[in-house]
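# Examination of the molecular architecture
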Amino acid sequence: MRTMLAGHTARTETDFDSIAATALARCDMLAKCSDEPGQITRTFLSPAMERCNRLVQEWMRSAGMITSFDRVGNLRGYYAASSEDALRLIIGSHLDTVPNAGRYDGVLGVMLGIGLVEALAGRRCGFGIDVIGFSDEEGVRYGLPFIGSRAATGTLLAPHLARRDADGIAMYAALDAFQNAYPDVVDAGLDPRARAYLEFHIEQGPVLEHAGLALGVVETIAGQSRATVAFRGRAGHAGTTPMFLRRDALAAAAEWLTAVESAASSMPGLVATTGRISCEPDAANVIPGLVRCSLDVRHADDAIRRAAVEDFLRTADAIGNRREIEVERVVEYEQAAVRLDRTLVALADQVVSEVGVSPRHMTSGAGHDAMIMAACVPSVMFFLRSPGGISHHPDEAVYAEDVAMALRAGIRFLERFEAHLDQLSESERKSCTT
Ligand SMILES: [Zn+2]
């Protein structure tokens, strides 16, 4: 097998620092591409997304990549290998944002993909590199996340395409308009030569900062359950109903919430959240009659997550029985945990160690494109420390030194990746290409 990067000279620290500075300056420029003035909001196939794509396309081209848009608006930049029919590594993340977002979520991962190609400085690897900027991950416009990676993996289905946005525009109609404007779109499916997926992403949480680490290696993307629990008691006069004759739905819900918090705190790695609560009749002088609580539970181990959800729901029943409150509960959504590829996780550990960061395996509590891509190609993710753990917020930040560190680790990943291609054999790969 050809040795990759043969004869290259060791890069200086300054190279990575300046490429990191460029990547960050580009994040600043993309932050100006917004559907809402004064904030960063960039949704699927919006005018702001088009302006963003034009800039990213220009940077990809000047880094030596051949660019194209696929049918769902994913922007692809291909950096050719040393031989024509070589296998490919995909480096990707998303270019859309939540409303009033920060400037690094998703975007930084794409800028790091381009930065790594720039760090190669024209040298060719034994594999091609596809940098993909996914057109939608956050799901803001259609209430459906991962449109870009779903399309890439063949899981964007007819019912998804029939969804309508807030203006009543169906997804298929939006895609038709896009494809009319970009008649040379390519198929959204993965190239049959794609062998692995690599994603850099800000952590969006406080774990790495707490541990004093610049980078982390994601081992698992947590599974998730969402449920609604309703407590139905009896509304009554706040002044005339003695305490012992009340069936207060909110008091029951409050007891349940603290029980869930305490049970989740005692289970390592488990997170449970009630983020939405409604109370009827919602008046200061009326005993609450009906309270609905959302429940979001996540863990790396599906069995632990399911058992925890069952336990939380049983606790609600027990509290309801004791307080003569009717409990209705519905589990609305379940997403299994996704384990990232062991070979690539080991490789990521190795390169992180080589740049002087002690390898830390992490469970991502948030969903990412890697979760979708992992169904088709061996996938791995690096997290970059999030100062203050802040994300989905204009104060989202990243340290320039961490970005340079990610580039150092990334270039080592590229240098070692070819030797692992044999292990990521065709047979391991699920058939997701169209
Ligand atoms: Zn993201």
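Keep in mind that what you see is a predicted model, and the values were worked out from it rather than measured.

This paragraph deals with the nonpolar core. Generally speaking, nonpolar side chains in soluble globular proteins are found buried as a group. Formed by 106 residues in total, the largest nonpolar core has its most connected members in L108, L215, A348, F382, L384, A406 and L407. If we skip the residues at most four places from it in the chain, L384 touches F200, I202, E203, A214, L215, V398, D402, V403 and A406. Core analysis: the second largest hydrophobic core is formed by 20 residues, A252, W256, L290 and I325 among them.

At a closest axis distance of 9 Å, the pairing of helix 10 (residues 342-354) and helix 12 (residues 400-420) adopts a crossing angle of 140°. Relative to helix 12, helix 10 is oriented oblique. Here helix 10 and helix 12 pass one another in a crossing that is right-handed. Together, T343, L347, A348, Q350, V351, V352 and E354 of helix 10 and A409, R412, F413, R416 and H420 of helix 12 make up the contact between the two elements. Counted by class, the contact of helix 10 with helix 12 contains six nonpolar, three polar and three charged residues.

Right, let's talk about the packing of helix 3 (residues 107-120) against helix 12 for a bit. Direction vectors running N to C along helix 3 and helix 12 enclose 65°, while the axes themselves pass 10 Å from each other. Pair helix 3 / helix 12 crosses with right-handed handedness. For the pair helix 3 and helix 12, contact is made by L112, G115, L116 and A119 and by A406, L407, G410, I411 and L414, respectively. Of the residues assigned to the contact of helix 3 with helix 12, the class counts are seven nonpolar, two polar and no charged.

It is worth spelling out the domain arrangement of the protein at this point. Often, the extent of an interface is quoted as the loss of accessible area on bringing the components together. Splitting the protein by domain gives domain 1 (13-221 + 337-428) and domain 2 (224-334). The distance between the C-alpha centroids of domain 1 and domain 2 comes to 38 Å. With four residues of domain 1 in contact, the opposing surface of domain 2 contributes six residues. Per-class residue counts for the side of domain 1 that touches domain 2 are one nonpolar, three polar and no charged.

Right, let's talk about the pairing of strand 2 (residues 75-79) for a bit. Burial within strand 2 is extensive, with four of its five residues counted as buried. Here strand 1 (residues 66-69) runs beside strand 2; their pairing, made up of four bridges, is antiparallel. Opposite F69, over in strand 2, you have L75 as the bridge partner. Between the end of strand 1 and the start of strand 2, which pair antiparallel, lie five residues, with G73 showing a positive phi angle near 85°.

So, how was this worked out
- Residues numbered from 1 in each chain as written.
- Predicted model: local features only at pLDDT ≥ 70, side-chain atom pairs only at ≥ 80, totals over all residues.
- Core = buried A, V, L, I, M, F, W, Y, C linked by C-beta atoms within 7 Å.
- Buried ≥ 20, exposed ≤ 12 C-beta atoms within 10 Å, placed from the backbone.
- Contact = placed C-beta atoms within 7 Å.
- Axes fitted to C-alpha atoms, helices over the stretch in contact; angles between N-to-C directions.
- Helix = DSSP H or I, 4+ residues; strand = E, 2+ residues; numbered from the N terminus.
- Parallel < 35°, antiparallel > 145°, perpendicular 65-115°, else oblique.
- Left-handed = near helix turned anticlockwise from the far one by under 90°.
- Nonpolar A, V, L, I, M, F, W, Y, C, P; charged D, E, K, R; others polar.
- Domains from an automatic or database assignment.
- Pairing = 2+ DSSP bridges.

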